[in-house]
Amino acid sequence: FANYIGERVRKRGAAFSADIFGIISIGKVDQGIGQELEKIAAPFDLICPMVYPSHYAKGEYGVKDPSNSPYAIVSKSLADYKRRLPGKQIRPWLQDFFGYGVAQIQGQIKAAKELGYEEYLLWNAQNRYVEAAVVDNSKLVKPVATEPTDPSKVAGSTN
């Protein structure tokens, strides 16, 4: 099905992407979730693994407590994605929930960037993000107020 849809998406000039479970980077067999890394990634141009540290069990990747070690778990998981899917475009989902603050979020971003991933996505089901983790507010430029545009003076206007 994914191959079928992918052909149609690409014919329209769009990239074909999918979100996948981050945990599948650990093993070579399905972990009961219906996803095997190389197989599920094959039909897509871009995959977005959800490498949320809180979704890894204690001890996975040799990390005693993945939830409290966001840099380590994201680094290890994304290194496996890079090794197992060379050349595949990857944009990881990172965790901005479970009480995470600036340090935990920036640790995940640092891990992704160190592996060469310049793009990432943040997830918080309540849509409440730790903005300070990704924006240096001291460097923001205040928008300049402009006068509303008169629609009759806009090129191509029918008014």
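Everything numeric in this text was worked out from a predicted model, so none of it was measured. (Residues numbered from 1 in each chain as written. Predicted model: local features only at pLDDT ≥ 70, side-chain atom pairs only at ≥ 80, totals over all residues. Heavy atoms only, no water.)

## Digging into the environment of Y4
Note the cut-off: We count a stretch as a helix when DSSP gives it H or I for four or more residues in a row; a strand needs E for two or more, and each element gets its number in order from the N terminus. Accessibility here uses a 1.4 Å probe with only protein chains present; expressed as a share of the type maximum, an area under 20% marks a residue as buried, one over 50% as exposed, and anything in between as partly exposed.
Within the element layout of this structure, Y4 appears in helix α1 (residues 2–11). Residue classification places Y4 among the partly exposed positions, given a relative accessible area of 47%. Sequence-wise, Y4 and P43 are 39 residues apart; in three dimensions their C-alpha atoms are separated by 9.2 Å.

## Notes on the nonpolar core
To keep it simple, the criterion reads: The criterion is simple. A nonpolar core is a set of buried Ala, Val, Leu, Ile, Met, Phe, Trp, Tyr and Cys residues joined through side-chain atoms within 4.5 Å. Between two residues, a contact is recorded if the distance between any of their heavy atoms is within 4.5 Å.
Formed by 28 residues in total, the largest nonpolar core has its most connected members in I47, V51, V74, L78, Y81, L85 and Y117. If you list the elements that add at least two residues to this core, you get β1 (17–21), α2 (37–41), α3 (70–84) and α4 (102–114). Those residues within four positions of I47 in sequence are excluded, and the remaining contacts are A18, I20, A41, Y81, L85, K88, Q89, I90 and R91.

## Here's the deal with the packing of α3 against α4
Threshold: Only the stretch in contact is used when a helix axis is fitted, and all axes are lines through C-alpha atoms; the angle between N-to-C directions ranges over 0 to 180 degrees. Note on angle classes: values under 35 degrees are labelled roughly parallel, values over 145 roughly antiparallel, values of 65 to 115 roughly perpendicular, and the remainder oblique. Helix crossings fall into two classes, left-handed where the near helix is turned counterclockwise from the far one by less than a right angle and right-handed where it is turned clockwise. Lys, Arg, Asp and Glu make up the charged group, whereas Ala, Val, Leu, Ile, Met, Phe, Trp, Tyr, Cys and Pro make up the nonpolar group; the residues left over, Gly among them, are polar.
The contact between α3 and α4 brings their axes to 8 Å, and the two run at 25°. Between α3 and α4, the crossing angle belongs to the class labelled roughly parallel. For α3 against α4, the interelement crossing comes out right-handed. Between α3 and α4, the contacting residues are P70, Y71, V74, S75 and L78 on the first element and Q104, G107, Q108, K110, A111, A112 and E114 on the second. When grouped by side-chain class, the residues that make up the contact of α3 with α4 number six nonpolar, four polar and two charged.

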